[in-house]
Protein chains: 2
Amino acid sequence: MKHLFEYNWQVRDEWFERCRTLSHEVLLQERQGGVGSILETLFHIVDVEYSWIRAMKGLPDLAPHFEDYKSLEQVKALSENYRQDIIAMIDAWDNEWTYKPVQASWMEGTFYCGEVIRHLIAHEIHHVGQLSVWARELGLEPVSASFIERDLMQKD
Amino acid sequence: MKHLFEYNWQVRDEWFERCRTLSHEVLLQERQGGVGSILETLFHIVDVEYSWIRAMKGLPDLAPHFEDYKSLEQVKALSENYRQDIIAMIDAWDNEWTYKPVQASWMEGTFYCGEVIRHLIAHEIHHVGQLSVWARELGLEPVSASFIERDLMQKD
């Protein structure tokens, strides 16, 4: 699982870099599908990941508002701000947590930590797939979604 | 990992069902991003998954041609035809295979089985993200990409 988180972070950081060529207006333009604009999608990925990581630790949702992060630099900074905490949790992952129950303030139901971890992996890859279509529509080459050729699984 | 394959198959089967409302022309229409049309994307997901599964087993690529599978029913049948073989491999997965080398006839380089397994998971989710944008553009509600709420991880 850890390698798929590292994949997502590497791909996300490349998208932050790739999007630097886009204007503020293009980043915020409403698009079909997903959560709306390119920037709001990046914000949503960052927000959802940390919200669930905190929920798994029994901590309240910080619920940042997109209105306060309306530039690429701010969303990137938010992503970096959360990253160390998430790395710490993923590094400390113990398979005994797989069926540990998790509840979230923003939705009903009780889930397992093992489900939430997989949900986060799939959630980011899915939204990045959406970014790739929007990028092509703008004439921007999407970031490669390939897991292989990234040297993410070097032998220890 | 197994649960993420099961997630992908469940989502894929729902897309086959969802796409039944689309005409042949809409399914084959060229779109921005990804591998082109909705149907070719589904075919590509099915083809790539089985090609790598066979490569991991040291078997040659079957390399089906999209020209021979130009209906939703044919691509769905191909997916079902391959499924049992893939389930057998995923069920038999042994962590000792993580660093087993894999070579593919369609690309240069040597990869690890552990990388290829993760690549397949990410590959399908990424392309399904693209389908979700195209569906919205067509006024079609996309299949849910949520991992949670699918009861994929019931306790034994």
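Conventions we followed
- Residues numbered from 1 in each chain as written.
- Chains lettered and ligands numbered in written order.
- Predicted model: local features only at pLDDT ≥ 70, side-chain atom pairs only at ≥ 80, totals over all residues.
- Heavy atoms only, no water.
- Least-squares fit on C-alpha atoms with pLDDT ≥ 70 in both.
- Axes fitted to C-alpha atoms, helices over the stretch in contact; angles between N-to-C directions.
- Helix = DSSP H or I, 4+ residues; strand = E, 2+ residues; numbered from the N terminus.
- Parallel < 35°, antiparallel > 145°, perpendicular 65-115°, else oblique.
- Left-handed = near helix turned anticlockwise from the far one by under 90°.
- Contact = heavy atoms within 4.5 Å.
- Nonpolar A, V, L, I, M, F, W, Y, C, P; charged D, E, K, R; others polar.
- Buried < 20%, exposed > 50% of the residue type's maximum accessible area, 1.4 Å probe, protein only.
- Pairing = 2+ DSSP bridges.
- Expected span 1.5 Å × (residues − 1).
- Buried area = accessible area lost by both parts, 1.4 Å probe.
- Salt bridge = Lys/Arg side-chain N within 4 Å of Asp/Glu carboxyl O.
- Phe/Tyr/Trp six-rings, centres within 6.5 Å; stacked < 30°, edge-to-face > 60°.
- Bend = angle between axes of the 7 residues up to and from the residue.

**Description of the relation of the copies chain A and chain B**
Once turned by 180° and shifted 0.0 Å along the axis, chain A lies on chain B with an RMSD of 0.0 Å. On the angle and the small slide along the axis, the relation comes out as a two-fold axis. When C-alpha positions in chain A are compared against the rotation axis, the closest is assigned to Gly129(A), at 2.2 Å.

**A closer look at the packing of helix α1 (residues 2-18) of chain A against helix α5 (residues 113-137) of chain A**
All names here are of chain A. Between α1 and α5, the least distance of the axes is 10 Å, while the angle of their chain directions is 30°. Judged by the angle between their axes, α1 and α5 are roughly parallel. When you trace α1 past α5, the crossing you get is left-handed. Between α1 and α5, the contacting residues are Leu4, Phe5, Tyr7, Asn8, Val11, Arg12 and Trp15 on the first element and Ile117, Leu120, Ile121, Glu124, Ile125, Val128, Leu131, Ser132 and Ala135 on the second. Grouping the constituent residues of the contact of α1 with α5 by class yields 12 nonpolar, 2 polar and 2 charged.

**A look at the packing of helix α3 (residues 38-56) of chain B against helix α4 (residues 72-91) of chain B**
All names here are of chain B. In contact at an axis separation of 10 Å, α3 and α4 are set at 25° when each is read in the N-to-C sense. Judged on the interaxial angle alone, α4 and α3 are roughly parallel. Considering only the axes of α3 and α4, their crossing is left-handed. Along the contact surface, α3 presents Leu39, Leu42, Phe43, Val46, Glu49, Tyr50, Ile53 and Met56, while α4 presents Leu72, Val75, Leu78, Ser79, Tyr82, Asp85, Ile86, Met89 and Ile90.

**A look at the pairing of strand β1 (residues 101-104) of chain A**
Residue and element names in this part refer to chain A. Burial of β1 is one-sided: the residues Val102 and Ala104 facing one way are buried, the residues Pro101 and Gln103 facing the other way are not. Bridge count between β1 and strand β2 (residues 107-112): 4 bridges; the pairing is antiparallel. Paired with Pro101 across the two strands is Tyr112, which belongs to β2. With antiparallel pairing between neighbouring strands as the criterion, β1 and β2 make up a hairpin whose turn holds 2 residues.

**Points about helix α4 (residues 72-91) of chain A**
An ideal rise of 1.5 Å per residue puts 28 Å on 20 residues; α4(A) measures up with 28 Å between its terminal C-alpha atoms. Next to the buried residues of α4(A) lie α1, α2 (24-28), α3 (38-56) and α5 of chain A.

**Overview of the interface of chain A and chain B**
Taken together, the 37 residues of chain A in the interface contact 37 residues of chain B. Between chain A and chain B the total buried area reaches about 3600 Å² when both faces are included, carbon and sulfur atoms providing 70% of it. Three residues, His126(A), Ile148(A) and Met153(A), lead the burial of chain A against chain B; their summed loss comes to 19% of the area buried on that side. Inspection of the chain A/chain B interface yields 0 salt bridges.

**Observations concerning the packing of aromatic side chains**
Per the stated rule, a full pass over the model turns up 18 aromatic pairs over all chains. For the pair Trp93(A) and Trp97(A), a centre-to-centre distance of 5.4 Å together with 80° between the ring planes defines the contact as edge-to-face. Note on Tyr50(B) and Tyr82(B): the rings are 3.9 Å apart at their centroids and 20° apart in plane angle, and the pair reads as stacked. Residue Tyr50(B) is located in helix α3, and its partner Tyr82(B) is located in helix α4; the two are separated by 32 residues in the primary sequence. By relative accessible area, Tyr50(B) is classed as buried at 8%. Among the residues examined, Tyr82(B) registers a relative accessible area of 5% and is labelled buried. Here the aromatic cluster, defined as three or more aromatic residues joined through ring pairs, consists of Phe43(A), Phe66(A) and Tyr69(A).

**Quick word on the environment of Leu59(A)**
All names here are of chain A. By the secondary structure assignment, Leu59 is in the loop between α3 and α4. Looking at Leu59, the relative accessible area reads 38%, which means it is partly exposed. Note: C-alpha distance between Leu59 and Leu138 (79 residues apart in sequence) is 39 Å.

**Concerning α4(B)**
Residue and element names in this part refer to chain B. Helix geometry: α4 is bent most strongly at Arg83, by close to 35°. For α4, every residue scored as buried is listed here: Leu72, Val75, Leu78, Ser79, Tyr82, Arg83, Ile86, Met89 and Ile90. In the core, the buried residues of α4 are packed alongside α1 (2-18), α2 (24-28), α3 and α5 (113-137).

**A few points about the pattern of salt bridges**
Tallying each qualifying case throughout the model produces 20 salt bridges over all chains. For Glu80(A), the salt bridge identified is with Lys76(A), shortest N-O distance 3.1 Å. Of the two residues, Glu80(A) and Lys76(A) are both situated in helix α4; the distance of 4 residues between them amounts to about one turn of the helix. A salt bridge links Lys2(B) to Asp91(B), with the nearest nitrogen and oxygen atoms 3.2 Å apart. You can see Lys2(B) sitting in helix α1 and its partner Asp91(B) sitting in helix α4, a full 89 residues away along the chain. Ionic contacts of the salt-bridge type, sharing partners, join the residues Lys2(A), Glu6(A) and Asp91(A) into one network.

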